[in-house]
Amino acid sequence: MNSISPTDLILNEDGSVYHLNLLPQDVADTIITVGDPDRVPAVSRHFDTIELKKGKREFITHTGTMRGKRLTVVSTGIGTDNIDIVLNELDALVNIDLNTRSVKPSLQSLNIIRIGTSGGVQPEVEVDSILVSSAAFGLDPLMHYYKYDATEEESKFRYALADILHAAYGDDHGIHPYYVSAGQSLLQKLGGGLTQGITITAPGFYAPQGRQVRAEANTAGFVDRVQSFEHQGHRITNLEMETAGIYGMARALGHQALSFNVILANRATNVFSNRPGEIMDNAIISILERILTL
Ligand SMILES: O=P(O)(O)O[C@H]1O[C@H](CO)[C@@H](O)[C@H]1O
Ligand SMILES: O=c1cc[nH]c(=O)[nH]1
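An unreviewed UniProt entry lists the protein chain under the name Uridine phosphorylase, with Mucilaginibacter yixingensis given as the organism. Turning to the protein chain, the UniProt record has this under Catalytic activity (unreviewed entry): "uridine + phosphate = alpha-D-ribose 1-phosphate + uracil".

Engineer: Help me understand the packing of helix H2 (residues 80-95) against helix H6 (residues 243-253), please; the structure alone is not making it clear to me.
Structural biologist: When two helices pack together, their arrangement is given by the angle between the helix axes and by the axis-to-axis distance. Their axes nearest at 9 Å, the elements H2 and H6 cross at an angle of 30°. Between H2 and H6, the angle falls in the class roughly parallel. When the axes of H2 and H6 are compared, the crossing they make is right-handed. In contact with Thr80, Ile83, Asp84, Leu87 and Asp91 of H2, H6 contributes Gly245, Ile246, Met249, Ala250 and Leu253. For the contact of H2 with H6, the residue count by class is six nonpolar, two polar and two charged.

Engineer: Where do I start with the site of ligand 2 in this structure?
Structural biologist: Around ligand 2 sit Thr117, Ser118, Gly119, Phe205, Gln209, Leu239, Glu240, Met241, Leu264 and Ala265, and those are all the residues in its vicinity. Put simply, the parts of the chain that give the shell around ligand 2 at least two residues each are strand S7 (111-120), strand S12 (234-240) and strand S13 (256-266). Counting residues per element, the shell around ligand 2 draws most heavily on S7, at three residues.

Engineer: Help me out: how do you make sense of the pairing of strand S2 (residues 49-56) in this one?
Structural biologist: The side chains of a regular strand alternate between both faces of the sheet. By the bridge criterion, seven bridges tie S2 to strand S3 (residues 59-66) in an arrangement that is antiparallel. Note on S3: the bridge partner recorded for Lys56 is Phe59.

Engineer: Can you walk me through the environment of Leu161 in this structure?
Structural biologist: Summarising the element assignment, Leu161 is placed in helix H3 (residues 152-169). Leu161 gets classed as buried once you count the C-beta atoms within 10 Å, which come to 22. For the pair Leu161 and Met241, spaced 80 residues apart in sequence, the C-alpha to C-alpha distance is 17 Å. Those residues in contact with Leu161 that sit more than four places away from it in its chain are Phe137, Pro177 and Phe229.

Engineer: Sorry, what's going on with the pairing of S13 here?
Structural biologist: With eleven of eleven residues buried, S13 is to be regarded as a mostly interior element. Sheet topology note: the S7/S13 ladder contains ten bridges and is parallel. Note on S13: the bridge partner recorded for Gly119 is Ala265.

Engineer: It is not clear to me how H6 should be interpreted in this structure. Could you clarify?
Structural biologist: Structural remark: α-helix, 3.6 residues per turn; residues separated by three or four positions point the same way. Counting buried residues in H6 gives ten out of eleven residues, a clear majority hidden from the surface. For H6, every residue scored as buried is listed here: Thr243, Ala244, Gly245, Ile246, Tyr247, Gly248, Met249, Ala250, Arg251 and Leu253. A positive backbone phi angle near 85° is found at Gly254, which sits one or two residues after H6.

Engineer: Would you take a moment to explain the site of ligand 1 for this structure?
Structural biologist: Around ligand 1, the surrounding shell consists of Val34, Gly35, Asp36, Ile78, Gly116, Thr117, Phe205, Glu240, Met241 and Glu242. Residue classes in the shell around ligand 1 are distributed as four nonpolar, three polar and three charged.

Engineer: Looking at this structure, I do not really get unusual backbone geometry. What am I missing?
Structural biologist: With glycine set apart, most residues show a phi of negative sign, and most peptide bonds adopt trans. Phi at Arg67 takes a positive value of approximately 45°, unusual for a residue other than glycine. With respect to the element layout, Arg67 can be found in the loop between S3 and strand S4 (69-75). Look at Arg67 and you get exposed, because 11 C-beta atoms sit within 10 Å. A positive phi is found at Asp128, a non-glycine position, where the angle reads about 80°.

Engineer: I would appreciate a short explanation of H3 in the present structure.
Structural biologist: For H3, spanning 18 residues, the distance from its first C-alpha to its last is 26 Å, which sits close to the expected 26 Å at 1.5 Å a residue. Regarding H3, the residues found buried are Phe157, Leu161 and Leu165. Looking straight down H3, one finds that the buried residues subtend no more than 55° of arc, so they occupy a single side. Facing away from the buried surface of H3 by more than 90 degrees, the exposed residues are Glu152, Ser155, Asp163 and Ala167. Gly170 sits one or two residues past H3 and shows a positive phi near 95°.

About the thresholds
Residues numbered from 1 in each chain as written. Chains lettered and ligands numbered in written order. Predicted model: local features only at pLDDT ≥ 70, side-chain atom pairs only at ≥ 80, totals over all residues. UniProt positions renumbered as here; feature names shortened; annotations may be inferred. Axes fitted to C-alpha atoms, helices over the stretch in contact; angles between N-to-C directions. Helix = DSSP H or I, 4+ residues; strand = E, 2+ residues; numbered from the N terminus. Parallel < 35°, antiparallel > 145°, perpendicular 65-115°, else oblique. Left-handed = near helix turned anticlockwise from the far one by under 90°. Contact = placed C-beta atoms within 7 Å. Nonpolar A, V, L, I, M, F, W, Y, C, P; charged D, E, K, R; others polar. Near = placed C-beta within 6 Å. Pairing = 2+ DSSP bridges. Buried ≥ 20, exposed ≤ 12 C-beta atoms within 10 Å, placed from the backbone. Expected span 1.5 Å × (residues − 1). Arc of directions from axis to C-beta.

In structure tokens form, the structure reads like this:
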């Protein structure tokens, strides 16, 4: 059995994984990820019991139970570079024997559910609504560094958007989309009755999402272009910064992932929510109710 080296998988002095600072017994098999560390207590305050609170850097974790179901909520911070860390370390906690540093003979599949904020790109995607990502385009580079199985259909979506963006911004612009669908069992079990659409995960908040403040953006017409994208009747609905990385890493590692987006902005109508805190608190309650059905 191959042992994973101490520099490939770094453990802290207490045996916990390097960034998350967690031990295998610290995590449930249903894991909620949020970007904002302050959103972790906003989720766990609905738990009936909290058995663990740990953290390091932006990675805050609470584990507890809600109506008898064990849940972990962990913050990822912003961006898919952090998703690389969180998904690899969560997987290590369940699928690697940290004493022998070897992959366990029988692998566990986690349910990984994101509750994040996002900006809609279609005028009809309502501010303050919850949208489920049926799939996500990554405009970030993360999944180009991993081998994962993409279906033929997923490849067609990927090249359909690549053609549009390369025609608009040139081949050497550096935008190379990847495309990964949600975990299908989670989508079926948890996504019912909510608007579903394709999410774009961007490698930044401003110009990478077509925003222009003072630094001149090199992405003119970005929102219009993604708004008018259509492939086999499917459209892009929203922009954020983690979902494609979560879907890609979950695929690579054999986990199920689903992303809920609380739409705080509409980029087509230039409207921003006037009560973002209250909307997120309500969304957390309704998404937890869905998760409890698992
Ligand atoms: O609210 P969270 O989960 O952080 O998600 C969104 O908000 C952040 C940007 O403001 C990015 O992380 C984006 O994906
Ligand atoms: O427009 C938005 C809103 C939230 N998060 C993003 O990444 N973009």
